[in-house]
Amino acid sequence: MTTDSVPDRKKAAFWADAVSRALVPVAVTPRDGTTFTGTITTDRLGFLRICRVEAGAQRVSRTPALIGPSPEDLVAVVLQTAGAAVFVQGGRRTEAGEGSLVCYDTTRPFTFVHPERFTAHVFQLPRHVLGVADDDLRQVTGTAIGTGHGFGSVLLPFLTTLAASAPTCPPAVGHRLAGHVVDLFATLIAERAQPAAARGDAGPEHLVRSVRVHIDRNLGDPSLSPESVARAHRISVRYLHRLFEGEGVTVSRLIQRRRLEECGRELARRGRVTPTVSSVAQRWGFVSPAHFSRAFRAAYGVSPREWRDRRARRGTGADDADPAGTPAP
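Each residue is numbered by its place in its chain's sequence as written, counting from 1. Two thresholds apply to this predicted model, a pLDDT of at least 70 for residue-level local features and 80 or more for giving and counting side-chain atom pairs, whereas whole-chain, interface and lining totals are computed over all residues. The side-chain numbers reported here are obtained from all heavy atoms of the structure, hydrogens and water having been left aside.

Asker: A description of helix α11 (residues 289-300) should follow, citing residues and the corresponding values.
Answerer: Between its first and last C-alpha, α11 extends 16 Å over twelve residues, near the 16 Å set by a 1.5 Å rise per residue. Exposed residues in this analysis have more than 50% of their type's maximum accessible area, buried residues have under 20%, and partly exposed residues fall in between, with area computed by a 1.4 Å probe over protein chains only. Starting at the N terminus, helices and strands are each numbered in turn, a helix being any DSSP run of H or I of at least four residues and a strand any DSSP run of E of at least two. Those residues of α11 not exposed but buried are F292, A295, F296, A299 and Y300. Taken end-on, α11 shows its buried residues confined to a sector of 105 degrees, consistent with a single buried face. Away from its buried face by more than 90 degrees, α11 exposes R294 and A298. At the exit of α11 stands G301, carrying a positive phi of roughly 80 degrees. Take the residue count of a helix, subtract one, and multiply by 1.5 Å to get its expected span. The arc in question is formed by the directions pointing from the helix axis toward the C-beta atoms.

Okay, here's the thing in structure tokens:
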């Protein structure tokens, strides 16, 4: 959509409508006294919407009155490729120059002021696909993200190439790329939401170690799941699964394997009182005794009761009763 063929007296109204349809409903006010011009191009990759905006100086505002009728809750990242912008959301004011990234939430009021002609790429996706906490998102919106170092330096070339290639992407490729953008945006938000002192140790290896420790500490919680693990680490479930692609085990299977190992050790432990199978299963997070028995037999080739009785007959202590010596889960 372009103002090139629109009469001068109608350009401002045409442009406000074009931006509202391509992005979200906003109020647009040209900032200088010259004839306003603008062009906006829109592409879709699955659920990801990419807009290239080139226009003159203007003020763009999203007010509470414009938020109410909007059918979607979206999160956007703006890549400023030329010119400058002043962005305000949630009480934060930030200046974004060429090469900067700005994240904003369409469910809350915001304002962009472009004091000069500019070019920007806007990447919008549904809020629910990110899987990040509201508090984390609020910490990131209203701040400019530099691309000279850190995760921003990874995003800049990827987003630039993605915007350029979007018009020629086949639908199947577009859907996969949209999933990668979700992972990247969720990681960016998680990184920025952490305290500054902790950001230097937030790489994939650190996250995998942290996830494993979290799982071991919470095995007895029946609600332990990939969703709860991702929520505790302020990352998306999709990104959590990506982290474990090279670990040889999914998060769900890791949780079950660790629970079975602890159950096996406790059932083999010699003491005055023989533990019941159901109490051990419940203590390590299994809700259904039947499910526990099936999972245990599949892992070790015997039922939990047979495992306990055999270890009791052999007089095996806790130290040498490691289920790792039996068929692995």
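Asker: Which residues make up the pattern of salt bridges, and what are the values?
Answerer: A pair is scored as a salt bridge if a Lys or Arg side-chain nitrogen falls within 4 Å of a carboxyl oxygen belonging to Asp or Glu. Inspection of the entire model under this criterion finds 17 salt bridges. Note that D17 is salt-bridged to R21, the shortest N-O span being 3.0 Å. Of this pair, D17 and R21 both sit in helix α1 (residues 11-22), four residues apart, roughly one helical turn. Assessed through its relative accessible area of 39%, D17 is described here as partly exposed. When salt bridges that share partners are traced, they join D216, R258, E261, E262 and R265 into one network.

Asker: Describe the environment of R265, listing the residues and the values that go with them.
Answerer: Turning to its location among the elements, R265 is positioned in helix α9 (residues 251-268). Take R265: its relative accessible area is 23%, and that puts it in the partly exposed class. Between the alpha carbons of R265 and W307 there is a distance of 10.0 Å; along the sequence they are 42 residues apart.

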